[in-house]
Amino acid sequence: MSGQTIALVTGANKGIGYEIAAGLGALDWRVGVGARDDGRREAAMAKLRAAGADAFGVPLDVTDDASVAAAARLVEDEAGGLDVLVNNAGLTGGMPQQPTMVDPAIVRTAVETNVIGVIRVTNAMLPLLRRSLSPRIVNMSSSVGSLTRQSVAGEQTGPISAAYAPSKTFLNAVTVQYAKELRDTNILINAGCPGYCATDLNGFRGVRTPEQGAAIAIRLATLPDDGPTGGFFEDAGVVPW
Ligand SMILES: NC(=O)c1ccc[n+]([C@@H]2O[C@H](COP(=O)([O-])OP(=O)(O)OC[C@H]3O[C@@H](n4cnc5c(N)ncnc54)[C@H](OP(=O)(O)O)[C@@H]3O)[C@@H](O)[C@H]2O)c1
């Protein structure tokens, strides 16, 4: 390895993931642009490279075992290792999501991508991350997954949801379990909330820019060696579970 920090961002072709890739590229890191669609990945890479980022493309569908295994091989071949994984790819699963009427397929879709996808990608990349001197894993969660906030009247907690919001609660729980298992290693793993950002995910109704949303991921990707692990953070600090 060249000494350059190597990162992989899933779902990096648009929205917050694109801005995370751009932000890490601006740090002179080598950035793997994980995206499942060839055309969207190429377009994002062209834009990132035009902005000066050292970007390489990583075909990656987080719901597909073979795709994720191939992505790990590609990162190893292309970059020789991996220091930082940002599990950003995510979706709502579809609407409506009121528990009393939700289609179970919507719940399954949200969990398959937002939780199982993260586990699949993380475990495929762990052999590479374990060789890094300062490995970091960032899971893009959401404060709508905070049971505390969901339980407080008047909090901004998004629409009633039996799929997307609970999938982020599940992701937070899984993040804590990874941190527990990896506590005696140098790997720091944390969940981050980008805030309500205008992206495809919410029909561009968010009030923050994707670039603002990327800031927490960049902060967690660049934690010092004595930084936290197993936590849940937004720009303003710790998010309650
Ligand atoms: N926007 C917000 O207000 C907000 C708030 C809290 C948390 N978040 C979280 O932030 C993350 C990024 O969201 P965003 O708002 O930037 O959404 P977005 O613009 O819809 O982007 C989502 C990204 O995930 C990718 N993706 C979805 N399913 C995938 C799969 N199976 N394999 C690989 N990539 C997949 C999408 O790829 P395609 O283009 O191919 O679909 C896209 O690149 C998500 O985890 C989301 O839950 C967002």
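Residues numbered from 1 in each chain as written. Predicted model: local features only at pLDDT ≥ 70, side-chain atom pairs only at ≥ 80, totals over all residues. Heavy atoms only, no water.

Trainee: Which residues make up helix H3 (residues 65–79), and what values go with them?
Mentor: Compared with the 21 Å implied by 1.5 Å per residue over 15 residues, the 21 Å span of H3 between its first and last C-alpha is a close match. Taken together, the buried residues of H3 touch strand S1 (6–9), strand S2 (30–35), strand S3 (54–59) and helix H4 (104–129). Capping of H3 at its N-terminal end is provided by Asp64; its side-chain oxygen lies 2.9 Å from the backbone amide nitrogen of Ala66. (Helix = DSSP H or I, 4+ residues; strand = E, 2+ residues; numbered from the N terminus. Expected span 1.5 Å × (residues − 1). Contact = heavy atoms within 4.5 Å. Polar contact = N/O pair within 3.5 Å; in protein donor to acceptor, adjacent residues only side chain to side chain.)

Trainee: Break down the environment of Thr175 for me, citing the residues and quoting the values.
Mentor: Of note, Thr175 is situated in helix H6 (residues 164–181). As for Thr175 and Asn139, which are separated by 36 residues in sequence, their C-alpha atoms are 7.5 Å apart. Apart from residues no more than four positions distant in its own chain, Thr175 is found in contact with Asn139, Ile189, Asn190 and Ala191.

Trainee: Run through the environment of Ser161, naming residues and quoting values.
Mentor: Mapped onto the elements, Ser161 comes out in the loop between helix H5 (147–151) and H6. The spatial distance from the C-alpha of Ser161 to the C-alpha of Gln98 is 5.3 Å, given a sequence separation of 63 residues. Beyond its immediate sequence surroundings of up to four residues, Ser161 is in contact with Gln97 and Pro166. Within polar-contact distance, the side chain of Ser161 engages the side chain of Gln97 at 2.8 Å. A polar atom in the side chain of Ser161 sits 2.9 Å from the backbone nitrogen of Ala165.

Trainee: Can you explain the site of the ligand? Please cite residues and give values.
Mentor: Around the ligand, the surrounding shell holds 29 residues, and the nearest of these are Asn13, Arg36, Asn88, Tyr164 and Thr199. Arg40 has a polar side-chain atom sitting 2.9 Å from an oxygen atom of the ligand. With the chains in place, 95% of the 900 Å² that the ligand exposes on its own is no longer accessible. Of all the elements in the fold, those that place two or more residues in the shell around the ligand are helix H1 (15–25) and H6. (Near = heavy atom within 4 Å. Areas by Shrake-Rupley, 256 points an atom, 1.4 Å probe, with all protein chains shown as cover.)

Trainee: Describe in detail the packing of H1 against helix H7 (residues 210–221), supporting the description with residues and values.
Mentor: Close contact between H1 and H7 brings their axes to 8 Å; oriented N to C, the two are set at 55 degrees. Between H1 and H7, the interaxial angle falls into the category oblique. The handedness of the crossing between H1 and H7 comes out as right-handed. In contact with Gly15, Ile16, Glu19, Ile20, Gly23 and Leu24 of H1, H7 contributes Pro210, Glu211, Gly213, Ala214, Ala217, Ile218 and Ala221. When grouped by side-chain class, the residues that make up the contact of H1 with H7 number 8 nonpolar, 3 polar and 2 charged. (Axes fitted to C-alpha atoms, helices over the stretch in contact; angles between N-to-C directions. Parallel < 35°, antiparallel > 145°, perpendicular 65-115°, else oblique. Left-handed = near helix turned anticlockwise from the far one by under 90°. Nonpolar A, V, L, I, M, F, W, Y, C, P; charged D, E, K, R; others polar.)

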